[in-house]
Amino acid sequence: MVRIFNDMIHQRMNYLLALCLLVQATISSLSAQQYDGDGIPAGIEEEIRWLVNRGRYDSATENATQGTSYADIPSTSSALAPNQLLTLAGRHHSEDMARNNAFQHETVPGSTYYNSVTQPSPWDRMEAEGYNWSGAGENIAAGYTSALAVYVGWWKSTGHRINMYKASHREIGNGHFEWASSTYRNYYTMELASSRNRNFLTGTLFNDSNGNNRYEPSEAASDVRVSLMVNDTVYPQYDISTSVGNFAVPIQSIAKGTKVRVILSNTTNSIINLSIPTSYSTFAPLRLTPGESMAYGQFTLESSENNVGLREITPIPQKPPLPALMASVSRLPSGVIDHFILHFQSTNQELYTLEHSTDAKSWQVLETGIIGNGNALTRIYPVIDTTEFFRLRRE
């Protein structure tokens with residue numbers, strides 16, 4: 001059995017080498033704090049958000065995908081950021097409906113979480129969880145067995161569709177609860193809201209390993225740090241993608257018109273592959289080696305009223321990583337080191353510069369204009385100091 005209920009909406013006013021040791025620099029986190037207000041949705045809850053955000057980016061293509069021709073929603077709206085408080089409000093209402101075999105927007109009498117007399121509405125439940133809303137809406141559904149099915153059910157219902165695609169909404173919490181002994185078994189509550197002037201950079205990080213051009217929870221990429229550079233300064237907030245790939249970074253303190261670079265960092269000891277959406281159904285593949293930080297792209301903050309999603313970031317063309325720089329030494333018969341020998345695999349027609357330092361802070365050029373030929377190159381330099389660091393960079 002499948003059922004959806006009328007929507008509700010409410011308003012109120014470089015590499016370093018010390019002999020053979022390779023160290024990679026990462027973005028400093030000493031002056032920044034992680035945002036944790038997005039929480040960790042369940043996989044099905046994050047999948048619903050991803051589907052909504054895909055459609056909000058390009059509703060005409062969403063119409064084509066669903067075989068519909070609705071003209072009552074904006075052609076594009078900014079991505080919705082996950083909010084833990086809204087997620088809790090949604091989960092708790094879905095649980096109350098399931099356990100009490102009810103289906104209603106009003107708080108269920110006998111609710112485990114809310115007072116149905118003094119907190120009767122969705123807005124009351126949001127406030128009870130601690131969310132300070134300035135505009136809000138709610139969709140509920142029951143009986144659907146997948147994220148895609150419930151999303152399409154809401155899409156094909158006028159009020160629910162308009163609610164999901166309302167441009168002024170900036171945050172979302174999807175609450176799913178399954179109760180085998182209830183009439184519909186699976187219950188869903190979608191909380192949509194905005195809170196004053198809060199806006200976010202947000203998205204879902206995953207690797208489209210099965211090639212179906214959409215997110216699935218099993219493809220989520222966790223432990224990717226999302227940092228921002230504003231006017232060449234590290235922005236004071238960042239986030240790290242969760243087990244379902246969600247992240248959000250508040251950006252309301254960034255001035256309109258500012259160009260912002262987005263830095264993605266692999267915080268793990270394993271390779272992370274990403275499929276980052278650049279339009280409705282096209283993706284930019286990205287590979288992050290262990291510990292690697294990369295300036296993925298940039299955006300210009302056009303409005304303080306909207307969020308920024310991954311599709312609105314302009315990717316920066318990525319050069320392949322610099323080859324690993326390896327070192328060995330040659331010794332005199334007495335055992336004293338007289339030369340350093342450096343080796344690296346070159347790329348054809350690429351220009352390199354080799355630099356050295358005694359403190360890994362002040363660098364001097366050893367050799368410039370080294371032309372790659374696609375083969376391994378060797379450079380031999382006399383020992384200048386007992387402790388030397390070397391690095392390779394492109395010209």
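Here is a short report on the structure shown in this document. (Residues numbered from 1 in each chain as written. Predicted model: local features only at pLDDT ≥ 70, side-chain atom pairs only at ≥ 80, totals over all residues. Heavy atoms only, no water.)

The next point concerns the nonpolar core. Residues Leu201, Leu228, Leu264 and Leu274 are the most contacted members of the largest nonpolar core, which totals 28 residues. Of all the secondary-structure elements, those providing two or more residues to this core are strand 10 (224-230), strand 13 (246-250), strand 14 (259-266), strand 15 (272-277), strand 16 (283-288) and strand 17 (293-300). When residues in this core are grouped by element, the largest group, 4 residues, is from strand 10. Beyond its immediate sequence surroundings of up to four residues, leucine 264 is in contact with Val224, Arg225, Val226, Leu274, Ile276, Leu286, Leu288, Glu292, Ser293, Met294 and Tyr296. Counting 25 residues, the second-largest nonpolar core is a separate cluster that includes Tyr151, Trp154, Tyr165 and Tyr215. (Core = buried A, V, L, I, M, F, W, Y, C linked by side-chain atoms within 4.5 Å. Buried < 20%, exposed > 50% of the residue type's maximum accessible area, 1.4 Å probe, protein only. Helix = DSSP H or I, 4+ residues; strand = E, 2+ residues; numbered from the N terminus. Contact = heavy atoms within 4.5 Å.)

Of all the 8 residues making up strand 14, 6 are buried; the element is thus mostly covered by neighbouring parts of the structure. Pairing of strand 10 with strand 14, which is carried by 7 bridges, proceeds in the antiparallel orientation. Within the sheet, the bridge partner assigned to leucine 228 lies in strand 14 and is valine 262. As paired strands, strand 14 and strand 17 are joined by 7 bridges and run antiparallel to one another. Across the sheet, residue serine 265 finds its bridge partner in strand 17, namely serine 293. (Pairing = 2+ DSSP bridges.)

The next subject is the pairing of strand 8 (residues 186-194). Along strand 8, 9 of the 9 residues are buried, which leaves the element largely enclosed by surrounding structure. In this sheet, strand 8 lies alongside strand 6 (residues 135-142) in antiparallel orientation, the contact comprising 8 bridges. The residue of strand 8 that forms the bridge with asparagine 139 is methionine 190. Pairing of strand 7 (residues 171-178) with strand 8 involves 8 bridges; the strand directions are antiparallel. The residue bridging glycine 175 from the neighbouring strand is threonine 189, located in strand 8.

Our focus in this paragraph is helix 2 (residues 59-66). Here helix 2 has its buried residues at Ser59, Glu62, Asn63 and Gln66. Projected down its long axis, helix 2 shows its buried positions confined to an angular sector of 105°, all on one face. Of the residues in helix 2, the exposed ones pointing more than 90 degrees away from the buried face are Ala60 and Ala64. Contacts made by the buried residues of helix 2 are with helix 1 (43-57) and helix 5 (147-155). Looking one or two residues past helix 2, glycine 67 carries a phi angle of roughly 70°, positive in sign. (Arc of directions from axis to C-beta.)

A word on the packing of aromatic side chains. Evaluated as defined, the whole model comprises 14 aromatic pairs. Ring centres of tyrosine 35 and phenylalanine 200 lie 5.6 Å apart, and the angle between their planes is 50°; on these two criteria the pair is classed as tilted. Here tyrosine 35, found in the loop between strand 4 (33-34) and helix 1, pairs with phenylalanine 200, found in strand 9 (residues 200-204); they are 165 residues apart in sequence, far enough to count as distant. Of the two residues examined, tyrosine 35 and phenylalanine 200, each falls in the buried class. When the ring of phenylalanine 103 is compared with that of tyrosine 184, the centres are 6.1 Å apart and the planes differ by 55°; the resulting orientation is tilted. Placement of the pair is phenylalanine 103 in the loop between helix 3 (84-99) and helix 4 (122-128) and tyrosine 184 in the loop between strand 7 and strand 8, with a sequence separation of 81 residues. Assigned by exposure class, phenylalanine 103 and tyrosine 184 land together as buried. An aromatic cluster is defined as three or more aromatic residues linked by ring pairs; in this entry it consists of Trp50, Phe206, Tyr215 and Phe283. (Phe/Tyr/Trp six-rings, centres within 6.5 Å; stacked < 30°, edge-to-face > 60°.)

This part covers the pattern of salt bridges. Side chains bearing opposite charge may pair, as long as their charged atoms lie close to each other. According to the stated counting rule, one finds 14 salt bridges in the structure shown. Close ionic contact of glutamate 47 with arginine 214 constitutes a salt bridge, the shortest N to O distance being 2.9 Å. Of this pair, glutamate 47 sits in helix 1 while arginine 214 sits in the loop between strand 9 and strand 10, placing them 167 residues apart in sequence. In this pair, the class of glutamate 47 matches that of arginine 214, namely buried. Here the salt bridges do not stand alone but share partners, grouping Glu355, Arg391 and Arg393 into one network. (Salt bridge = Lys/Arg side-chain N within 4 Å of Asp/Glu carboxyl O.)

Such coordinate-based values are descriptive only and should not be taken to indicate function.
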